[in-house]
Amino acid sequence: MKKEIIRGYLLTLSAGLLAALLLAAFLSGQIYTNALKDRMKATLVLLASAAPTEADELPDFVSAMSAQLSAADEPLRIAVLDQDGTVIADSSSSGAQSGDERGDRNEIQEAKQGGFGFDSRRSQTNRTRYMYAAYLSGSYIIRIALPQQSYRIYFQLLPLLFVACFTVGALAAWVLARRTAKRISEPVEELTATATAIAEGDTKRRVPPFEQELGELGTAFNLMTDQLQQKQQETEDKNAQLTGILEGMQDGVAAVDDHSQVLLLTDRAQALLGPVNPRLKRLDTYGANYTKVARLARQAMESGQASQETLHLSYPQPRILDVYTGPIRQQEEPGAILVIKDVTRLKQLENLRQEFMANVTHELKTPLTSIRGYLELLKSSQRDEETRQQFYEIIDIEADRLMHLITDMLELSEIENRPALDRQEAVEGCNLAEVSREVMAQLQPIADEHQVTLHLDLPDPSLRAPAAHRRMRQLLTNLMSNAILYNKPGGAVWVTAGHARDHFFLRVRDNGIGIPEEHQARIFERFYRVYKERSRALGGTGLGLSIVKHIAQLYGGSVQLESRPDEGSVFTVYLPLPLPQTPVA
Ligand code: ADP
């Protein structure tokens, strides 16, 4: 930069000097010529006044006058011509001779018209440049000629003068230019270095104060950098905030541009769709799941419409995802945003609900159809008393089953809907020996009916179960009645309970018909029965074990099953023990 400033200075100076010198040369040439002409005019007038009238005296006159008026380096030639331009006398011996024709010369022509005439040209006789001046005086024309020697010398000196002036000027300009260049280029270089450093990430860097007008530039630069930094900080904060929100979302979020390049892909989205290779940048290169969502993104970009589609994935886990896709319109290039929602659980619940509704309808319909059927039979024709009694009994059993079913369903719904109350009761707990006695007394007749013996083994009679009394009673009733009903004549049921480390357990074992392996996983589902007809015949609702599982879960516990067909089953309920209460001081 410095070099440019210096070069600029020197160029400007040279051009200025040259122009000034040319102008000076032209003007001084003019002045010299005018002065010369004036001098020659005066000489001509003088000669005219002193010239003899006799023509034959004229040669002597011109010689004498020439000798008198000539300077050492400037001989003055004098000639007298008649009006036709014929030379009468000439002071120069090498010049025109008497009788020569000079009427065609410019100065003669001019003098003839207006008194004086001038011309500057090389002499044909001695090749010297002369200034010629002619004057019409009476019947003669007097012409004088002066060599323009000094004028020529002046022009020969001009280039030398130019070189000298230029050298001095250039030196001065160079010194001046260096100082100016330093003053301008140093701040500019500092500005450049600072801007580069800021661009490379050193956002704290600022320029030092400069002098004069560049000082204002430096201040403006620093102010601009401050504002830029502030804006950048704001943008970074907003980005962090947005990323935090997006990453914190339960749903996965992804965004792509027109070329399927990933603009955003949250961790949650990767957890749902599968891990990605970070070296790849296109959404459709991450695997089959991503190819599907990339297709949805493309459709959204092309149609400009938001849409929703459900995807069933088998990898990385079997999942059902609802993918909401919409075009991004704010930016110049089109893009699409995807919100990926895991609806696996929701769909499962939905399926369960539908299944449950179908089951409930079916379960309610069966006894009701039976009741209506028998009522129709009773109404339609005359029956003997014995048959009528049989029909009444069946209606009674079916109504009972209906009652059971509704009671169990209400029980389930109550457990599901009022957990807080039950947990509060669990803190107090209940005496298990008491609960067991009540249940045994209730079930003993049924056990007798099915020829099943009941055994209770409670090493600690004061043992407390961490559950509400009525819930514990319901749980034990359901497990024991199953153990009696799905048993064989001569079979037995063993009940035991205790505390082990941090939990309570209750075990109900039987040596009955057992449950085949393939049914064990589903046995706790609502209305699931292994032997449907046997369950119905025994007045089962298919909800007993479901209630057991829900009661256990209500207190944060679980149920475990071990069973072998024809050998029997063991149901164990585990309930966590409440933490010992710290007495308030
Ligand atoms: P249900 O009202 O039919 O007894 P549950 O939910 O109590 O309904 O039991 C579901 C099914 O599990 C029963 O239908 C039965 O097939 C089977 N089951 C339950 N307990 C036992 C057991 N102790 N031994 C054999 N099978 C059992």
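What comes next is a walk through the structure.

Cut-off values and rules
- Residues numbered from 1 in each chain as written.
- Predicted model: local features only at pLDDT ≥ 70, side-chain atom pairs only at ≥ 80, totals over all residues.
- Heavy atoms only, no water.
- Helix = DSSP H or I, 4+ residues; strand = E, 2+ residues; numbered from the N terminus.
- Buried < 20%, exposed > 50% of the residue type's maximum accessible area, 1.4 Å probe, protein only.
- Pairing = 2+ DSSP bridges.
- Axes fitted to C-alpha atoms, helices over the stretch in contact; angles between N-to-C directions.
- Contact = heavy atoms within 4.5 Å.
- Near = heavy atom within 4 Å.
- Polar contact = N/O pair within 3.5 Å; in protein donor to acceptor, adjacent residues only side chain to side chain.
- Areas by Shrake-Rupley, 256 points an atom, 1.4 Å probe, with all protein chains shown as cover.
- Nonpolar A, V, L, I, M, F, W, Y, C, P; charged D, E, K, R; others polar.

**Focus on unusual backbone geometry**
Alright, step 1. Residue P316 follows Y315 across a cis peptide bond; omega there is -5 degrees.
Alright, step 2. Within the element layout of this structure, P316 appears in the loop between β8 (307-313) and β9 (319-328).
Alright, step 3. Despite not being glycine, S260 shows a phi value in the positive range, around 65 degrees.
Alright, step 4. Mapped onto the fold, S260 is located in the loop between β6 (252-257) and β7 (262-265).
Alright, step 5. A residue is classified by how much of its surface remains accessible, and S260, at 10% relative accessible area, is buried.
Alright, step 6. Phi is positive for D566, close to 70 degrees, though the residue is something other than glycine.
Alright, step 7. With respect to the secondary-structure elements, D566 resides in the loop between β16 (558-564) and β17 (568-576).
Alright, step 8. A relative accessible area of 57% means that D566 is categorised as exposed.

**Section: the sheet that holds β17**
Alright, step 1. The mixed open sheet is built from five strands, whose spatial order is β12-β14-β15-β17-β16. The two strands at the open ends of the sheet, each matched to only one other strand, are β12 (453-457) and β16. The mean inter-strand angle of the sheet, taken between neighbouring strand axes irrespective of direction, is 15 degrees.
Alright, step 2. Sheet analysis places β12 next to strand β14 (residues 492-500), joined by five bridges and oriented parallel. By the bridge assignment for β14, L454 is matched with V493.
Alright, step 3. In this fold helix α11 (residues 432-449) packs onto β12, β14 and β15 (503-510), with an angle of close to 175 degrees to the strand it touches most, β12.

**With respect to the site of the ligand**
Alright, step 1. Taken together, 21 residues lie near the ligand, and N482, Y486, S535, G542 and L545 sit nearest.
Alright, step 2. Contact distances for the ligand include 2.8 Å between an oxygen atom and a side-chain N or O atom of N482.
Alright, step 3. Within the side chain of D510, a nitrogen or oxygen atom sits 3.0 Å from a nitrogen atom of the ligand.
Alright, step 4. Relative to its unbound accessible surface of 520 Å², the ligand loses 98% to contact with the protein.
Alright, step 5. Where the shell around the ligand is concerned, the elements lending two or more residues are α12 (469-485), α15 (544-554) and β17.
Alright, step 6. Taken together, the residues that form the shell around the ligand break down as eleven nonpolar, eight polar and two charged.

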